[in-house]
Amino acid sequence: MLDVKEIRRHFSIYESEKKLCYLDSAASALKLKESNEALNKYLEHNGTNVHRGVYKLSYEATLAYEETREVVANFLNAKTEEIVYTRGATEALNMTALLYGMKYLNEGDEVISSELEHHSSLMPWLKVATLKKAKMQYVPLASDSRITVENFKKVLSKKTKVVCLTHVSNVLGYITPIKEIIKLAHEVGAVVVVDGAQGAPHLKVDVKDLDCDFYCFSAHKLCGPTGVGILYGKKSILDNLDPLYYGGDMADQVYLDKMTYKDTPYKFEAGTMMIGEVIALKEAILFLEKVGLENIQKHEEYLKDLALKELKQIPNVIIYNENVETGIIAFNIKNTHPHDAASVYDKNNVCLRAGHHCALPVIRHLQCVGTLRASFYLYNDEEDVKKFVEATKEAAKFFEIFM
C-alpha cells in the first residue's frame, strides 16, 4: 500500500479542501505541488522564449524545456527525437490522423478502431477516412465489452493500413491487449496509433516493447498542467511526414519560392509553445516514477476491489465492469439519470464523473444514456472508498422512491 498521507503533502488542494474525496482522476488528475511551483518559477522568474535567444535567461529556459523531453523519452523508453510536444492528447491524436492518414491512406484502405474509443481517438480517423474514401472497421466487443485479440483478428485484413485503439478504456477501465494486437497489425503492414491518455498515468509504458508506431497522452492526467500533450512517434515514420503547422521555430530556411524545416521533432512544434507547462510536466513524471507506476497500479486495484465488494451489496446499483483490472468503476443507479445521481455525491463532497465521458459509442453499446464513473489514483485511500460507498447507498435509497 502507498503512504497516501505522505503523497497528499505534495498536493496543495488537500490543505484547502479538508473534506475532499476526489474520484475523477480519469478526467483530470489533481495537480502536483512541485509541478505548479515549476510553472510559477518559469512565469515569474524567466518567461523568455526557447531556442531563439542567445542570452542567459533564454538558454536556461531552453535547457529546462529540453530536459523535459529527455524525461518523457526515458518515461516511455523512447529516443528524445521521437517526442513531440502538443497541446494535449486530443491534438496529438488529431495530428497523427492528419499527418499520417492524409498522406498514406488511399481509397479502399481500412482503418480499425473500436466502440471503446474516446471521441478524440475516433473522430479524427472518421474524418480522414471520409476524406480519403477509406473504410472504418470496428473490433467487435466481447460479451463483457472488452477488446480481445480473437475479435481483432476478425476485422484485420490485408486492406488494414491503420489501427487506432485505446490502451485503457476511459469508461470501463479495461486494458487492451495492445502488444499482441500491434504484432498482428504489423504482419499486414499496418501502423498502430495508441491512445495512451488513460494508459500513461497508470501503467508502466515501454513503447519499444509494445512496438507501437504512435503513442499519445496528456500531462493533466499525470498530475501535471493542462495544455500539454505528448505525441510519441517512431523516428523513421516522423522523418517522412510533413509538418501540420507552419511558422516560427519549426522553419529552417524560408525563401519566396521554397522552404525547408528543422529536423524531427522540432518541425512539428511551430510557434511559441507552452514552455512553462512543458517544464512543469517534468516534475510530475519524476514524482510518479519515484512513487512507482507498478505501485500506483496495485494501489488503485486495491481500492477498486474494496469499492466493488461494497457496491455489489447495494440494491439497485448497476455495475458495468465488475472484472476491471484498473481503478475505474462504471456504474449507475437503476432508473436514475447519472446527472441526477451525481448531485447526491456532490452534496457529500465526493467528486466523480457523470455522463457519456466523451465516448458515446460505448455508452450506446451499454444501452444507457450515460454512466457514473469513479476513478481512483495514488492520492486516494480507504476513507475515500468509505465516503464513496456511503454516498452510493444514500443515492440508491433516495432514488428508490422513483422506481
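Counting starts from 1 at the beginning of each chain's written sequence and moves along it residue by residue. Owing to the predicted nature of the model, reporting of local features is limited to residues with pLDDT of at least 70; listing and counting of side-chain atom pairs is limited to 80 or more, with chain, interface and lining totals taken over all residues. Calculated side-chain values reflect all of the structure's heavy atoms, with hydrogen atoms and water omitted.

On to the overall build of the protein chain. Within the protein chain one finds 15 helices and 15 strands. For a compact globule of 403 residues, the expected C-alpha radius of gyration is about 22 Å, and the protein chain comes in at 22 Å, within 12% of that figure. The buried share of the protein chain, reckoned over its 403 residues, is 58%. Contact criterion: two residues are considered in contact whenever any of their non-hydrogen atoms come within 4.5 Å of each other. Here the contacts in the protein chain between residues at least 6 apart in sequence split such that 72% fall between residues at least 24 apart. As displayed, the protein chain offers around 17,500 Å² of accessible surface, 51% of which is attributable to carbon and sulfur atoms. The convention is simple: Lys and Arg are positive, Asp and Glu are negative, and His and the chain ends are not counted. Positions of charges follow a simple convention, taking NZ of Lys, CZ of Arg, CG of Asp or CD of Glu. In the protein chain, 49 positive and 55 negative side-chain charges are present, and the distance between their average locations comes to 3 Å. The helix and strand labels rest on DSSP assignments: H or I over at least four residues marks a helix, E over at least two residues marks a strand, and numbering proceeds from the N terminus. Here the globule rule reads 2.2 Å times residues to the power 0.38, and the radius of gyration is calculated from C-alpha atoms. Residue burial is assigned from relative accessible area. The probe radius is 1.4 Å, only protein chains are included, and a residue is buried under 20% of its type maximum, exposed over 50%, and partly exposed in between. For accessible areas, the Shrake-Rupley method is used with a probe of radius 1.4 Å. Any residue's cover is judged against the shown protein chains and nothing else.

By nonpolar core is meant a set of buried Ala, Val, Leu, Ile, Met, Phe, Trp, Tyr and Cys residues that side-chain atoms within 4.5 Å join together. Formed by 112 residues in total, the largest nonpolar core has its most connected members in Leu76, Tyr215, Phe331, Tyr345, Leu378, Tyr379 and Phe388. It is helix H11 (residues 275-291) that provides the largest number of residues to this core, a total of nine residues. Discounting chain neighbours no more than four positions away, the residues touching Tyr215 are His167, Val194, Gly196, Gly199, Ala200, Val205, Val207, Leu210, Ile230, Leu231 and Tyr232.

This paragraph deals with the pattern of salt bridges. Side-chain pairs of opposite charge can arise where the charged atoms are in close proximity. Salt-bridge detection follows one rule: a side-chain nitrogen of Lys or Arg within 4 Å of a carboxyl oxygen of Asp or Glu. Summed over the entire model, instances satisfying the criterion amount to 25 salt bridges. Asp249 serves as the salt-bridge partner of Lys262, at 2.9 Å between the closest nitrogen and oxygen. Of this pair, Lys262 sits in the loop between strand S10 (259-261) and H11 while Asp249 sits in the loop between helix H10 (235-238) and strand S9 (251-254), and the two are 13 residues apart along the sequence. You can call Asp249 buried: its relative accessible area is 9%. Beyond isolated ion pairs, a larger network of salt bridges with shared partners links Arg8, Asp381 and Asp384.

Okay, the sheet that holds strand S5 (residues 160-166) next. If DSSP finds at least two bridges between two strands, the strands pair. Taken together, seven strands build an open sheet; the order of strands is S2-S8-S7-S6-S5-S3-S4 and the sheet is mixed. The open sheet has two free edges, formed respectively by strand S2 (83-86) and strand S4 (135-139), since each of these has just one partner strand. The sheet shows a mean angle of 20° between the axes of neighbouring strands, taken without regard to direction. Examined bridge by bridge, S5 and strand S6 (residues 191-195) share five bridges and lie parallel to one another. Bridging from a neighbouring strand, Thr166 pairs with Asp195 of S6. Orientation is described by lines fitted to C-alpha atoms, with helices fitted over the stretch in contact, and by angles between N-to-C directions that extend from 0 to 180 degrees. Running at roughly 120° to S2, helix H4 (residues 56-76) makes contact with S2, strand S7 (214-218) and strand S8 (229-233) of the sheet. Here helix H6 (residues 119-132) sits on the sheet and contacts strand S3 (110-114), S4, S5 and S6; the angle it forms with S4, its principal contact strand, is near 150°.

Before going further, it helps to spend a moment on H6. Multiplying 1.5 Å by the helix residue count minus one yields the expected span of that helix. The terminal C-alpha atoms of H6, which comprises 14 residues, lie 20 Å apart, in line with the 20 Å expected from a rise of 1.5 Å per residue. Taken together, the buried positions of H6 are His119, Ser120, Ser121, Leu122, Pro124, Trp125, Val128 and Ala129. Against helix H5 (89-104), S3, S4, S5, S6 and helix H14 (360-365) lie the buried residues of H6.

Moving on: the sheet that holds strand S14 (residues 353-355). If you walk across this open sheet you meet the four strands as S11-S12-S15-S14, and the pairing is antiparallel. Whereas interior strands pair on both sides, the edge strands pair on one side only; in this sheet they are strand S11 (317-319) and S14. Shown here is a sheet whose adjacent strand axes are inclined to one another by a mean of 30°, direction ignored. Where S11 and strand S12 (residues 328-333) come together, three bridges link them in antiparallel fashion. Across the sheet, the residue bridging to Ile319 is Phe331, located in S12.

Let us now look at the side chain of Glu66. With respect to the helices and strands, Glu66 occurs in helix H4. On the accessibility criterion, Glu66 (15% relative accessible area) is buried. A distance of 2.8 Å separates a polar atom in the side chain of Glu66 from a polar atom in the side chain of Arg69. Each residue touching Glu66, except ones within four places of it in the same chain, is listed here: His51 and Tyr266. By the criterion applied in these results, polar contacts are pairs of N or O atoms within 3.5 Å in which, for protein atoms, one can donate a hydrogen and the other can accept it, and in which residues neighboring in sequence qualify only through two side-chain atoms.

Tracing the sequence through the fold places Val278 in helix H11. Considered as a pair, Val278 and Ala219 are 59 residues apart in the sequence and their alpha carbons are 8.6 Å apart. Apart from the residues within four sequence positions on either side, Val278 is in contact with Tyr65, Thr68, Tyr85 and Val228.

The end-to-end C-alpha distance of H5 is 22 Å, a good match for the 22 Å that 16 residues give at a rise of 1.5 Å each. Where H5 is concerned, the buried positions are Ala89, Glu91, Ala92, Leu93, Met95, Thr96, Ala97, Leu99, Tyr100 and Gly101.

Where nonpolar side chains cluster on the molecular surface, the patch consists of Leu98, Met102 and Leu131 and spans about 240 Å² of accessible area. Positionally, Leu98 belongs in helix H5. Surface patches are defined over residues having more than 30% relative accessible area and no salt bridge, joining like charges when they lie within 9 Å and nonpolar side chains (Val, Leu, Ile, Met, Phe, Trp, Tyr) when within 5 Å.

With their axes 9 Å apart at the nearest point, H5 and H6 run at an angle of 20° to one another. Taken together, H5 and H6 sit at an angle that is classed as roughly parallel. Crossing hand, H5 versus H6: right-handed. Between H5 and H6, the contacting residues are Thr90, Leu93, Asn94, Thr96, Ala97, Leu98, Gly101 and Met102 on the first element and Ser120, Ser121, Pro124, Trp125, Val128, Leu131 and Lys132 on the second. Note on residue classes: Ala, Val, Leu, Ile, Met, Phe, Trp, Tyr, Cys and Pro are nonpolar, Asp, Glu, Lys and Arg are charged, and everything else, Gly too, is polar. Looking at side-chain class alone, the contact of H5 with H6 contains eight nonpolar, six polar and one charged residues. An angle below 35 degrees is treated as roughly parallel, one above 145 as roughly antiparallel, one from 65 to 115 as roughly perpendicular, and anything else as oblique. Here is the rule for handedness: rotate from the far helix to the near one, and if that takes an anticlockwise turn smaller than a right angle the crossing is left-handed, while a clockwise turn gives right-handed.

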